[in-house]
Amino acid sequence: MSISLKQIRYFVAAAETGRISQAAVELNVSQSAVTAAIQQLEAMLGARLLDRTPTGVSVTLEGSRFLLQGRQILTQVAEAVRDARHSTVPIAGTVRVGVTYTVSGYFLPRHHIRFQSSFAGITVELFEAPRSVVEQALVDGALDVAVLLVSNLKDDEHLASQLLLRSARRLWLAPSHPLTRPERVRLADIARYPYVMLTVDEAKHTALRYWTAQGLEPNAIFRTSSVEAVRSMVGGGMGVTVLSDLVYRPWSLEGQRIELREVADEVPSMDVGLAWRRDTSFTPATQAFCDFLRFAVAGDSAGRTATPDQPRLPPQDIEN
């Protein structure tokens, strides 16, 4: 028996949502179909990819490795479908792209690599800077487009944006932590324990907004701009944190397990997207870069195939 795209698609959906039930909803299939596909995949690979828990599923070390490869397979298939349906005219030029820290570290690299292999005639110049600097560079015309956390975007008067990926924020904690017992945890419960605060990409300000909305304050014992430092401290049981699934990994650098739990209170997602100056006119190279990202992320989202036959909207006409 050979591995099928359906099995990979169902596994990716379950791994990304953390719940078989939610994966089934997104895929529009039954829970039993998702479970059976994943069990078949595990049997063929000879490895357990997901750990089943009372609150859902979590990715094992082997599953984490396969997840990266599975996403790549699904995206490459989606790209192959696109290329087969549409004859491409060679495009050349330079695209000046602004990125923020989280995007450059956890989102863009794999898409950038595939873009360069598909569009050899286009040079992508990347510029990493804080969100405020990237926004100003867009307004000034020093950048053509940016890939950043559009959930933090401020200058919506001069800048337009489009969401690419919505990443939920959940509680990270060590397996032995007392808060692993409940299925859902409230911020008031989290406030009773030491908290590791990430500061990069305005994470601290975002966190304090939803904490303050509940009339609470986290018991921050350490503040750091390093996601790896947060992972190590949480995995070692020194504290907990609430961060996006985009930067989540089930293991620290020391090999310590990191669990996830849903937060019952309202916690905003971290939204990655494109941003550009409202009155700009995209060059063919910039348009190709933006279209590629839209298509690639759509292909990554639980393996769902994008719809390349839909008419392409000009950048300025896309709803923010």
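Residues numbered from 1 in each chain as written. Predicted model: local features only at pLDDT ≥ 70, side-chain atom pairs only at ≥ 80, totals over all residues. Heavy atoms only, no water.

1. What about the nonpolar core?
Note on soluble globular proteins: their nonpolar side chains tend to be buried together.
Here is step 1: One finds Phe 107, Val 145, Val 147 and Phe 289 to be the most contacted residues of the largest nonpolar core, which totals 44 residues.
Here is step 2: Of the residues forming this core, the biggest block, eight residues, is contributed by helix α11 (residues 284-300).
Here is step 3: When sequence neighbours within four positions are dropped, the list of residues in contact with Phe 289 reads Val 95, Val 97, Leu 108, Phe 115, Val 124, Val 145 and Val 147.
Here is step 4: One finds Val 12, Ala 23, Val 34 and Ala 37 within the second-largest nonpolar core, a separate group that totals 22 residues. (Core = buried A, V, L, I, M, F, W, Y, C linked by side-chain atoms within 4.5 Å. Buried < 20%, exposed > 50% of the residue type's maximum accessible area, 1.4 Å probe, protein only. Helix = DSSP H or I, 4+ residues; strand = E, 2+ residues; numbered from the N terminus. Contact = heavy atoms within 4.5 Å.)

2. Examining the packing of aromatic side chains
Here is step 1: Following the criterion strictly, the structure yields eight aromatic pairs and no others.
Here is step 2: Arranged with centres 4.8 Å apart and planes meeting at 25°, the rings of Phe 115 and Phe 119 form a pair that is stacked. Of the two residues, Phe 115 and Phe 119, both sit in the buried class.
Here is step 3: Seen in terms of ring centroids, Phe 115 and Phe 289 are 5.3 Å apart; in terms of plane orientation they differ by 85°. Their pairing is edge-to-face. Here Phe 289 lies in helix α11 and Phe 115 lies in helix α6 (residues 108-118), a separation of 174 residues in the sequence.
Here is step 4: Residue class for Phe 115 comes out buried when judged on its relative accessible area of 1%.
Here is step 5: Overall, the relative accessible area of 2% leaves Phe 289 in the buried class.
Here is step 6: Here the aromatic cluster, defined as three or more aromatic residues joined through ring pairs, consists of Phe 115, Phe 119, Phe 289 and Phe 292.
Here is step 7: The side chain of Arg 257 reaches across the aromatic face of Trp 251, ending 5.2 Å from its centre. (Phe/Tyr/Trp six-rings, centres within 6.5 Å; stacked < 30°, edge-to-face > 60°. Lys NZ or Arg CZ within 6 Å of the ring centre and 35° of its normal.)

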